[in-house]
Amino acid sequence: MQTENLIRETLKGLLATATEKVYVLGEEDAQEDLKRLREVYEDLILFWGLDEDLIDEFDENIGILK
């Protein structure tokens with residue numbers, strides 16, 4: 001259970017980092033970083049067998065990937 005909590009906190013951190021990238025760099029300049037962060041986010045979810053709806057949550061929260 002502790003591992004799952006650590007993974008969820010990591011996912012929250014990736015989401016927070018993505019949000020900060022948008023604020024600091026702007027939507028256009030942040031695109032490459034956001035794509036990489038989303039890949040890591042998705043890889044962690046798939047690797048640990050978490051609910052894949054979490055990937056949609058990332059997309060909805062960031063919502064600007066082109």
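### What to know about the packing of aromatic side chains
According to the stated counting rule, one finds two aromatic pairs in the structure shown. Summarising the aromatic geometry, the rings of Tyr41 and Phe58 are spaced 4.7 Å apart at their centres and angled 45 degrees between planes, so their arrangement reads as tilted. Highlighted residues: Tyr41 in helix α2 (residues 27–48) and Phe58 in helix α3 (residues 53–62), separated in sequence by 17 residues. For the ring pair Phe47 and Trp48, a centre distance of 5.2 Å and an interplane angle of 85 degrees mean the geometry is edge-to-face. Overall, Phe47 belongs to the exposed group, its relative accessible area being 64%.

### Quick notes on a nonpolar patch on the surface
Judged by side-chain polarity, Tyr23, Val24 and Leu25 come together as a nonpolar surface patch covering roughly 370 Å² of accessible area. Within the secondary structure layout, Tyr23 lies in helix α1 (residues 2–25). By relative accessible area, Tyr23 is classed as exposed at 71%.

Criteria and cut-off values
- Residues numbered from 1 in each chain as written.
- Predicted model: local features only at pLDDT ≥ 70, side-chain atom pairs only at ≥ 80, totals over all residues.
- Heavy atoms only, no water.
- Phe/Tyr/Trp six-rings, centres within 6.5 Å; stacked < 30°, edge-to-face > 60°.
- Helix = DSSP H or I, 4+ residues; strand = E, 2+ residues; numbered from the N terminus.
- Buried < 20%, exposed > 50% of the residue type's maximum accessible area, 1.4 Å probe, protein only.
- Patch = residues over 30% accessible without salt bridge, like charges linked within 9 Å, V, L, I, M, F, W, Y side chains within 5 Å.
- Areas by Shrake-Rupley, 256 points an atom, 1.4 Å probe, with all protein chains shown as cover.
- Salt bridge = Lys/Arg side-chain N within 4 Å of Asp/Glu carboxyl O.

Take it as geometry only, folks, not as evidence of what the structure does.
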